[in-house]
Amino acid sequence: MLDIVTMENGIAVLAVHGNASVAVVRGAVKAGLIDVQQQGYRRILIDVLQATGLGMPSVIERVDTVREWASIAVPGLSIAFVADDALLDDDRIGMVVASQLGLNAGVFTAREDGVAWLRRQRLFHTRRADMLDVVAEESQG
């Protein structure tokens, strides 16, 4: 359901595929985000183009998802979210919330566009985030 791949230039790709609900995908992506940040990645592409069963997430689901990602983001993190245009809302509420929470994020309908955007983002040299160990433990218990 979730493949983690790394690309040159230090980009980690979380590729979601298969049939799953928004809640299941959200949990898998959260775990993946924690994992790749612990490995030192600060440019992350979340690709749900091959995911099915997501339906049309509600505004609350969109806001809660972005809040969750922002709560586990380490300094210098950039996230590119790639989804089919039909999955994205016209108002881009997730982008509004991300901006308000200080999360550097972009939304794209093609993986290549997300990768290109991530490559343009400033890469901060940060150490591994020890605080993610605490977040990972809390989410398991």
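Residues numbered from 1 in each chain as written. Predicted model: local features only at pLDDT ≥ 70, side-chain atom pairs only at ≥ 80, totals over all residues. Heavy atoms only, no water.

### Some details on the environment of Ala105
Right, so step 1: You can see Ala105 is positioned in strand β5 (residues 104-108).
Right, so step 2: In the structure, Ala105 is positioned 35 residues away from Ala70 in sequence and 9.8 Å away in space, judged by C-alpha atoms.
Right, so step 3: Apart from the residues lying within four places of it in its own chain, the contact partners of Ala105 are Ile79, Met95, Ala98 and Trp117. (Helix = DSSP H or I, 4+ residues; strand = E, 2+ residues; numbered from the N terminus. Contact = heavy atoms within 4.5 Å.)

### A few points about the packing of helix α2 (residues 59-72) against helix α3 (residues 93-101)
The description of two packed helices rests on the angle between their axes and on the distance between the axes.
Right, so step 1: One can describe the packing of α2 onto α3 by two numbers: an axis separation of 9 Å at closest approach and a directional angle of 35°. Judged by the twist between their axes, the crossing of α2 over α3 is right-handed. Between α2 and α3, the contacting residues are Val59, Arg62, Val63, Val66, Arg67 and Ala70 on the first element and Ile93, Gly94, Val97, Ala98 and Leu101 on the second.
Right, so step 2: The class makeup of the residues in the contact of α2 with α3 is eight nonpolar, one polar and two charged. (Axes fitted to C-alpha atoms, helices over the stretch in contact; angles between N-to-C directions. Left-handed = near helix turned anticlockwise from the far one by under 90°. Nonpolar A, V, L, I, M, F, W, Y, C, P; charged D, E, K, R; others polar.)

### What to know about the pairing of strand β4 (residues 78-82)
Right, so step 1: Along β4, five of the five residues are buried, which leaves the element largely enclosed by surrounding structure.
Right, so step 2: Alternating residues of β4 divide into Ser78, Ala80 and Val82 and Ile79 and Phe81, and every residue in both groups is buried.
Right, so step 3: Both strand β3 (residues 43-52) and β4 contribute to a ladder of five bridges, which runs parallel. Note on β4: the bridge partner recorded for Leu45 is Ala80.
Right, so step 4: The parallel pair β3 and β4, bridged by α2, forms a crossover whose chirality is right-handed. (Buried < 20%, exposed > 50% of the residue type's maximum accessible area, 1.4 Å probe, protein only. Pairing = 2+ DSSP bridges. Right-handed = clockwise from strand over helix to strand, strands pointing away.)

### Structural notes on the pattern of salt bridges
Right, so step 1: Enumeration according to the criterion identifies four salt bridges in this entry.
Right, so step 2: A salt bridge links Arg62 to Asp89; the nearest nitrogen and oxygen atoms lie 3.6 Å apart. Of the two residues, Arg62 is situated in helix α2 and Asp89 in the loop between β4 and α3; the sequence distance between them amounts to 27 residues. Of the two residues examined, Arg62 and Asp89, each falls in the buried class.
Right, so step 3: For Asp85, the salt bridge goes to Arg92, with nearest N and O atoms at 3.9 Å. (Salt bridge = Lys/Arg side-chain N within 4 Å of Asp/Glu carboxyl O.)

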